[in-house]
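Chain residues, written in single-letter form:
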Amino acid sequence: MKILVHYLLLNLILGLSQALFAQSIPTILITYHSQSGKTQAMAEAVAKGVAEVQGVEYILKPIAEVTEEEILKASAIILGSPVYNANMTPEVQAFVNSWPFENRPLKDKIGAVFVTGGGFSIGEEAVMFSIIRAMMIHGMVIVGGEEVEAAFGASAVTGEGEFADKEVQEIFLKKAEGLGRRVGEFLLKIN
């Protein structure tokens, strides 16, 4: 009888430890297309915000390097695009079109967006909504930024007025950091 009790206790401990270790740390895929380096700068700021959240990991890479396995394993996807004729770039559209659709494997993942545009009113929000709509078709849950000025995600003006011919300005990078931080914190709340 004593051996049976020890055996059952050992199995209980092993079962509990496997359950604890089986829970993986949530991962956020931060991916983007960047021609000038400005969208990449925003992606790096998003990653900086995610890095402030304990208990969350991230992968940061251009869309051309992302694998389907990374898309499927990610708990959240934060996607960035430059504005291209008031649309996401063809590369970002092709990336979204490559997402697996059958059985909706992206359903209930967190989705968020960031964009860069050459000027004011050049289509930043239109591009955000275009990407958001694509994420929603896949059943993703959308999270916006921390501030009302980043309600749909983070955006940056990079080529007009005082923002022309400069690196991405701090005001926009802070919005990107806030977006990353909020997605990370939200992900922890739902896990």
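One can find the structure itself at the top, above this paragraph.
What comes next concerns the included structure. (Residues numbered from 1 in each chain as written. Predicted model: local features only at pLDDT ≥ 70, side-chain atom pairs only at ≥ 80, totals over all residues. Heavy atoms only, no water.)

Quick look at the overall build of the protein chain
Logical step 1: On a plain count of helices and strands, the protein chain comes out with six helices and six strands.
Logical step 2: Put simply, the protein chain has 191 residues, and 46% of those count as buried.
Logical step 3: Partitioning the contacts of the protein chain with sequence separation of at least 6, the portion at a separation of at least 24 is 79%.
Logical step 4: Entry remark: accessible area of the protein chain is about 10400 Å², with carbon and sulfur atoms responsible for 56%. (Helix = DSSP H or I, 4+ residues; strand = E, 2+ residues; numbered from the N terminus. Buried < 20%, exposed > 50% of the residue type's maximum accessible area, 1.4 Å probe, protein only. Contact = heavy atoms within 4.5 Å. Areas by Shrake-Rupley, 256 points an atom, 1.4 Å probe, with all protein chains shown as cover.)

Some words on the pattern of salt bridges
Logical step 1: This structure, assessed with the given rule, holds seven salt bridges.
Logical step 2: Linking Glu177 and Lys48 is a salt bridge whose minimum nitrogen-to-oxygen distance equals 3.6 Å. One end of the pair, Glu177, is in helix α6 (residues 170–190); the other, Lys48, is in helix α2 (residues 38–51), and 129 residues separate them in sequence.
Logical step 3: Owing to a relative accessible area of 6%, Glu177 belongs among the buried residues under this scheme. (Salt bridge = Lys/Arg side-chain N within 4 Å of Asp/Glu carboxyl O.)

Quick word on the nonpolar core
Logical step 1: Ile28, Ile30, Met42, Ile78, Phe114, Leu179 and Val183 are the most contacted members of the largest nonpolar core, which has 28 residues in total.
Logical step 2: Residue assignment for this core shows that the elements contributing at least two residues are β1 (27–32), α2, β3 (76–82), β4 (110–117), β6 (154–157) and α6.
Logical step 3: Apart from the residues lying within four places of it in its own chain, the contact partners of Ile30 are Ala43, Val46, Ala47, Val50, Tyr58, Ile59, Leu60, Lys61, Ile78 and Phe114. (Core = buried A, V, L, I, M, F, W, Y, C linked by side-chain atoms within 4.5 Å.)

Quick word on the layout of surface pockets
Logical step 1: Approximately 220 Å³ is the volume attributed to the largest pocket.
Logical step 2: Contributing to the lining of the largest pocket are 15 residues, with Glu124, Glu125, Glu149, Ser155 and Lys175 lying nearest its centre.
Logical step 3: Of all the secondary structure elements, the ones that give two or more residues to the lining of the largest pocket are α5 (124–137), β6 and α6.
Logical step 4: If you tally residues by element for the lining of the largest pocket, the top one is α5, at three residues. (1 Å grid on protein atoms, 1.4 Å probe; cavity = no way out; pocket = protein on both sides within 12 Å on 5 of 7 lines; lining within 4 Å. Points joined across faces, edges and corners; volume = space filled by probe spheres on them.)

Observations regarding the pairing of strand β2 (residues 57–62)
Logical step 1: Where β1 lies against β2, six bridges are found, and the strand directions are parallel. For Tyr32, the partnering residue across the bridge sits in β2 and is Pro62.
Logical step 2: In the classification by handedness, the crossover that spans β1, the intervening α2 and the parallel β2 is right-handed. (Pairing = 2+ DSSP bridges. Right-handed = clockwise from strand over helix to strand, strands pointing away.)

Topic: α6
Given 3.6 residues per helical turn, the α-helix brings residues three or four places apart onto the same face.
Logical step 1: For α6, which comprises 21 residues, the first-to-last C-alpha distance of 30 Å matches the rise-based estimate of 30 Å (1.5 Å per residue) to within 8%.
Logical step 2: Tucked inside the fold, the buried residues of α6 contact β1, α2, β3, β4 and β6. (Expected span 1.5 Å × (residues − 1).)

A look at the environment of Ala41
Logical step 1: Looking at the element boundaries, Ala41 is found in helix α2.
Logical step 2: Looking at Ala41, the relative accessible area reads 22%, which means it is partly exposed.
Logical step 3: With residues up to four places along the chain from it excluded, the contact list for Ala41 reads Val168 and Leu173.

Fair warning: the whole summary comes from geometry, so function is off the table for now.
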